[in-house]
Amino acid sequence: MIALEVSNLVKKYGDFEAIKNISFEVRQGEIFGLIGPNGAGKTTTLRTISTLIQITSGYIKVYGYDVKKEGSHVRKIISYLPEDAGAYRNLTGKEYLEFVAKFFTKDKNSLKKMTDKGIEIANLNERINAKIDTYSKGMMRKLLIARAMMTEPKLAILDEPSSGLDVINAREVRKIIKESVNNGKAVLLSSHNMLEVEYMCDRIALINSGKIVEVGTPKELKEKYQAPNIEDVFI
Ligand code: ATP
């Protein structure tokens with residue numbers, strides 16, 4: 001089953017064409033990575049899929065729902081974690097997860113279930129009851145990943161999910177993401193970290209100057225470019 005279909009997507013900012021006619025698909029149960037240098041168009045692509053910015057031309061479908069025409073439905077089945085996401089700093093981690101859960105359900109039982117799931121994913125132990133203000137960058141990121149995943153999105157869209165994290169936190173975040181696709185979800189993420197992508201992604205698309213240069217499994221791309229390491233594919 002196709003979780004995400006991006007077809008002939010073009011996005012212009014004024015006269016500047018940031019995305020130049022790209023097409024790719026993400027399958028259910030797959031982690032798909034968008035990889036590329038700064039300014040390649042990764043965030044722009046993720047934001048169009050998340051219905052946050054308008055498409056210039058082409059179309060995007062999430063589980064068959066057109067992002068342009070059925071945006072409100074799409075928003076119910078996706079979650080989007082921006083790279084620079086923040087949370088209300090004078091709430092506790094738990095209060096923040098509850099606050100977010102209220103946007104998704106009014107029912108008390110499901111609200112508790114969703115929040116508990118978030119607490120479990122965040123894995124912050126007793127610090128979940130401390131003010132977000134006191135969190136380290138890694139704790140904050142785990143809380144935000146928990147927020148994105150606790151709603152059980154059918155497609156999670158994560159912009160640089162582990163950027164700026166130390167080895168241990170980055171590993172935990174990767175584990176959370178990997179586990180989330182086990183039960184039939186799909187993940188689209190962007191990253192600069194090629195080694196991370198090789199470890200996590202089933203397939204990747206290399207994007208450069210708004211164009212997709214290659215799509216394939218990390219193994220296929222390494223073979224094609226006779227690159228010993230995935231990082232060498234780019235050089
Ligand atoms: P990074 O890895 O640095 O986050 P990226 O691959 O996510 O980069 P985008 O943020 O999508 O790249 O930017 C793609 C291009 O579009 C860049 O040249 C950027 O300057 C331009 N751009 C992005 N947002 C806007 C905007 N709101 N108005 C004008 N140009 C923009």
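Rules used in this analysis
- For every chain, the first residue of the written sequence is number 1, and numbering continues from 1 along that sequence.
- Local features in this predicted model are restricted to residues whose pLDDT is 70 or higher, and side-chain atom pairs enter the listing and the counts only when it is 80 or higher, whereas totals over whole chains, interfaces and linings include all residues.
- To obtain the side-chain values, all non-hydrogen atoms of the structure were used and water was disregarded.
- To qualify as a helix, a DSSP run of H or I must reach at least 4 residues; to qualify as a strand, a run of E must reach at least 2; elements of each kind are numbered from the N terminus.
- Exposure is judged per residue with a 1.4 Å probe applied to protein chains only, and the accessible area is read against the type maximum: over 50% gives exposed, under 20% gives buried, and values in between give partly exposed.
- The criterion used for residue contact is that any of the two residues' heavy atoms lie within 4.5 Å.
- The accessible surface values rely on the Shrake-Rupley method and a 1.4 Å probe; as for residues, cover is taken only from the protein chains in view.
- The charge count includes Lys and Arg as positive and Asp and Glu as negative, but it does not include His or the ends of the chains.
- Charge coordinates come from a single atom per side chain, which is NZ of Lys, CZ of Arg, CG of Asp or CD of Glu.
- Buried residues of nine kinds, namely Ala, Val, Leu, Ile, Met, Phe, Trp, Tyr and Cys, make up a nonpolar core once their side-chain atoms join them within 4.5 Å.
- One speaks of a salt bridge when a side-chain nitrogen belonging to Lys or Arg is within 4 Å of a carboxyl oxygen belonging to Asp or Glu.
- To get an axis, fit a line to the C-alpha atoms, keeping to the stretch in contact for a helix; angles then go from 0 to 180 degrees between the N-to-C directions.
- What sets the label is the angle itself: under 35 degrees gives roughly parallel, over 145 gives roughly antiparallel, 65 to 115 gives roughly perpendicular, and the rest give oblique.
- Helix crossings fall into two classes, left-handed where the near helix is turned counterclockwise from the far one by less than a right angle and right-handed where it is turned clockwise.
- Under the convention adopted here, Pro, Cys and the residues Ala, Val, Leu, Ile, Met, Phe, Trp and Tyr are nonpolar, Asp, Glu, Lys and Arg are charged, and Gly plus all remaining residues are polar.
- Strand pairing requires that DSSP identify at least two bridges connecting the strands.

The name that an unreviewed UniProt entry assigns to the chain is ABC transporter, ATP-binding cassette domain, with the source organism given as Defluviitoga tunisiensis.

Draft legend 1. Region of interest: the overall build of the chain. When helices and strands are counted, the chain shows eight helices and 10 strands. Based on the C-alpha atoms only, the size of the chain along its principal axes is roughly 50 × 40 × 35 Å. Here the chain holds 235 residues, and the buried ones make up 51% of them. Taking contacts inside the chain between residues at least 6 apart in sequence as the whole, the part at least 24 apart equals 65%. Within the structure as shown, the chain displays about 11,700 Å² of accessible surface, and the carbon and sulfur contribution to it stands at 48%. With 36 positive and 30 negative side-chain charges, the chain shows a spacing of 4 Å between the two charge centroids.

Draft legend 2. Up close: the nonpolar core. With 47 residues, the main nonpolar core has Met 149, Leu 158, Ile 177 and Val 187 as its most contacted residues. Here this core takes nine residues from helix H5 (residues 137-150), the largest share from any one element. When residues no more than four places from it in sequence are discounted, the contact partners of Val 187 are Val 26, Glu 30, Ile 31, Phe 32, Met 149, Leu 155, Ala 156, Leu 158, Ile 177, Ser 180 and Val 181. In this structure, Leu 9, Ile 19, Ala 40 and Ile 77 belong to the second largest nonpolar core, which totals 28 residues.

Draft legend 3. Local environment of unusual backbone geometry. Even without being a glycine, Asn 8 presents a positive backbone phi close to 50 degrees. By secondary structure assignment, the location of Asn 8 is in strand S1 (residues 2-13). A relative accessible area of 41% places Asn 8 in the partly exposed class.

Draft legend 4. Main features of the pattern of salt bridges. According to the stated counting rule, one finds 12 salt bridges in the structure shown. A salt bridge links Arg 203 to Glu 30, with the shortest nitrogen-to-oxygen separation between them at 2.6 Å. Remark: Glu 30 occurs in the loop between strand S2 (16-27) and strand S3 (31-35) and Arg 203 occurs in strand S9 (residues 203-208); sequence separation between them is 173 residues. Residues Lys 117 and Glu 152 are paired through a salt bridge, measuring 3.3 Å at the closest nitrogen-oxygen approach. Remark: Glu 152 occurs in the loop between H5 and strand S7 (155-159) and Lys 117 occurs in helix H4 (residues 108-122); sequence separation between them is 35 residues. One salt-bridge network, held together by shared partners, links Arg 27, Glu 30 and Arg 203.

Draft legend 5. Representation of helix H1 (residues 42-49) within the structure. Here H1 lies mainly inside the structure; six of its eight residues are buried. Among all positions in H1, only Lys 42, Thr 44, Thr 45, Leu 46, Thr 48 and Ile 49 are buried. Thr 51 lies just past H1 and shows a positive phi near 70 degrees.

Draft legend 6. Focus on the packing of helix H3 (residues 93-101) against H4. The contact between H3 and H4 brings their axes to 9 Å, and the two run at 135 degrees. It follows from the interaxial angle that H3 and H4 lie oblique. Considering the relative orientation of H3 and H4, their crossing is right-handed. On H4, the residues touching Lys 94, Leu 97, Glu 98 and Ala 101 of H3 are Leu 111, Met 114, Thr 115, Gly 118 and Ile 119. Here the contact of H3 with H4 is composed, by residue class, of five nonpolar, two polar and two charged.

Draft legend 7. Summary view of the sheet that holds S7. Ordered by their spatial adjacency, six strands build an open sheet running S6-S7-S8-S3-S9-S10, and the pairing between neighbours is mixed. The open sheet has two edge strands with one neighbour each: strand S6 (78-81) and strand S10 (211-216). Each strand of the sheet is rotated relative to its neighbour by a mean of 15 degrees, with strand direction disregarded. Examined bridge by bridge, S6 and S7 share four bridges and lie parallel to one another. By the bridge assignment, Ile 78 is partnered in S7 with Leu 155.

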